[in-house]
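# Summary of structural features
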Amino acid sequence: MTSKVKDLMLTLPVFNRIIMLIVKMRILYFYHRSTIKHALKWTLNRREISNFLYDLTDKNYLDLMHFTINLTNSDFYTVKTYFEEFKSEISPKILAKANFPVNESYGLGRRIFWYSVVRILKPLNILESGVENGLGALVIWHAMEKNRKEGFDSNYIGVDIDSNSGKFIKDLISDNFNLVISDSMNFIRETKETFDLYINDSNHSSEYEYQEYLAIKDKLNIASKIISDNSHSTDS
C-alpha cells in the first residue's frame, strides 16, 4: 500500500472514526485495566448475579473500621476485635453454608459492618427490608447468636415480597428470628413494633427508599440506627 493511498484513507471519515475508536479503547484500558480484568473474570468464572461476594482491600477495611467506631461510639480495639472475629470465624461458616468457596476471592465485603454493628450495639429489635437469599440475614443471625451466648437477646424480622426468598435461613426461623413474606412498605406501616436497627435493602430506587424512611420514622427510637444498602444505586 503506497503512502498516497494511506493518506487518502486517513482523510475518509470512516477510517478517522475507527482510528479514534482504537485510541479511545487504549486510553480506557490504560485507566481501567484492573477493573476490566476483574469484570471479565467475574463474567467467565463467577455464578452470583446479585449479592456479590468480594473481599475488602486493606484501605477499605480500615476505613470501614473507623466508620464503625464513629457510628457506634466505640473504641478501636473493640471494633477491631469484632472485625477479626467475623473474618476468621464467621465468614468461612457463612460461605460454606451458602455453598461458596472459602477463599480470598469470595468475601462478604461490607457485611462485616452489619455484623460488627449488631455485636457492638446489641439492638433488641432488628428489621431488614429486602432479604433475597438471606446472606445478610445469616450474618445478622451469627451476630445475634454470639450476643445471646453473652446474655443479650435480640429479635430479627426480615421482610421480602418474594415467597422464594430466604433460602439460606429457612432452617433458622424461630420466635426471635422471623421471615415475613410481604411488601416491605405495607409491613412497616402496619407493624406495631419499634426497631433499634433498621437495614434498608429492598427496592433499589431513590423514591421507594425515601418512602420507606417516611414510613419507618415513627417506628424508631431516639438511639435507633439505619443502615442503607442502596448506595450503589441511589443517594437517598
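Please refer to the structure higher up on the page.
Remember, predicted model here, so these are calculated numbers, not experimental data.

### Observations regarding the sheet that holds strand 4 (residues 195-200)
Two pairing modes exist for strands in a sheet, parallel and antiparallel, and in both the strands are linked by backbone hydrogen bonds. Judged by pairing direction, the sheet is parallel, and its five strands sit side by side in the order 3-2-1-4-5 without closing on themselves. Edge positions in the sheet fall to strand 3 (177-181) and strand 5 (220-228), since each has one partner strand and no second. Across the sheet, the mean angle from the axis of one strand to that of its neighbour is 20°, orientation sign disregarded. In terms of strand pairing, strand 1 (residues 125-129) meets strand 4 through four bridges, oriented parallel. Of the residues in strand 4, the one forming a bridge with Ile-126 is Leu-197. Set on the sheet, helix 6 (residues 135-149) makes contact with strand 1, strand 2 (155-160), strand 3 and strand 4; between it and strand 1 the angle comes to about 170°.

### Things to note about the packing of aromatic side chains
Centre distance and the angle of the planes are the two values used to describe a pair of aromatic rings. For the structure on display, the rule yields six aromatic pairs. Ring centres 5.4 Å apart and planes at 85° place the aromatic pair Tyr-61 and Phe-83 in the edge-to-face group. Of this pair, Tyr-61 sits in helix 3 (residues 58-72) while Phe-83 sits in helix 4 (residues 76-97), and the two are 22 residues apart along the sequence. Of the two residues, Tyr-61 and Phe-83, neither departs from the other in class, the shared state being buried. An angle of 50° between the planes, with centres 5.5 Å apart, marks the rings of Phe-67 and Phe-113 as tilted. Placement of the pair is Phe-67 in helix 3 and Phe-113 in helix 5 (residues 111-121), with a sequence separation of 46 residues. Using a relative accessible area of 47% as the deciding quantity, one classes Phe-67 as partly exposed. Taking NZ or CZ as reference, Arg-33 lies 5.2 Å from the ring centre of Phe-30, over its face.

### Observations regarding helix 3
Counting along an α-helix, one turn takes 3.6 residues, and residues three or four places apart therefore face a common direction. Between the first and last C-alpha of helix 3 there are 21 Å, a value that for 15 residues agrees with the 21 Å anticipated at 1.5 Å per step. Within the span of helix 3, buried status applies to Tyr-61, Leu-64, Met-65, Thr-68, Ile-69 and Thr-72. Here the buried residues of helix 3 occupy an arc of 145° about the axis, which is enough to place them on one side. Those residues of helix 3 that are exposed and aimed more than 90 degrees away from the buried face are Lys-59 and Asn-70. Tucked inside the fold, the buried residues of helix 3 contact helix 4 and helix 5. At the C-terminal side of helix 3, Asn-73 shows a positive phi close to 55°.

### Overview of unusual backbone geometry
Notably, Lys-122 is not glycine yet its phi reads approximately 50°, a positive angle. Its identity is not glycine, yet Glu-132 carries a phi of approximately 50°, on the positive side.

### Here we look at the packing of helix 4 against helix 6
The interhelical angle for the contact between helix 4 and helix 6, taken along N-to-C directions, is 130°, at an axis separation of 11 Å. Between helix 4 and helix 6, the angle is such that the two are oblique. Judged by the sense of rotation from one axis to the other, the crossing of helix 4 with helix 6 is right-handed. Every residue of helix 6 that contacts helix 4 at Glu-85, Phe-86, Glu-89, Ile-90, Lys-93, Ile-94 and Lys-97 is listed here: Leu-135, Leu-138, Val-139, His-142 and Lys-146. Of the residues in the contact of helix 4 with helix 6, the class split is six nonpolar, one polar and five charged.

### Description of the side chain of Lys-219
Checked against the element boundaries, Lys-219 lands in the loop between helix 8 (206-216) and strand 5. Within the local environment of Lys-219, its side chain forms a polar contact with the backbone oxygen of Thr-191, the two atoms lying 3.0 Å apart. With residues near it in sequence (within four places) discarded, Lys-219 still touches Ile-188, Arg-189, Glu-190, Thr-191, Glu-193, Thr-194 and Phe-195.

Parameters and conventions
Residues numbered from 1 in each chain as written. Predicted model: local features only at pLDDT ≥ 70, side-chain atom pairs only at ≥ 80, totals over all residues. Heavy atoms only, no water. Pairing = 2+ DSSP bridges. Helix = DSSP H or I, 4+ residues; strand = E, 2+ residues; numbered from the N terminus. Axes fitted to C-alpha atoms, helices over the stretch in contact; angles between N-to-C directions. Contact = heavy atoms within 4.5 Å. Phe/Tyr/Trp six-rings, centres within 6.5 Å; stacked < 30°, edge-to-face > 60°. Buried < 20%, exposed > 50% of the residue type's maximum accessible area, 1.4 Å probe, protein only. Lys NZ or Arg CZ within 6 Å of the ring centre and 35° of its normal. Expected span 1.5 Å × (residues − 1). Arc of directions from axis to C-beta. Parallel < 35°, antiparallel > 145°, perpendicular 65-115°, else oblique. Left-handed = near helix turned anticlockwise from the far one by under 90°. Nonpolar A, V, L, I, M, F, W, Y, C, P; charged D, E, K, R; others polar. Polar contact = N/O pair within 3.5 Å; in protein donor to acceptor, adjacent residues only side chain to side chain.

Purely geometric stuff here, so don't read any function into it on its own.
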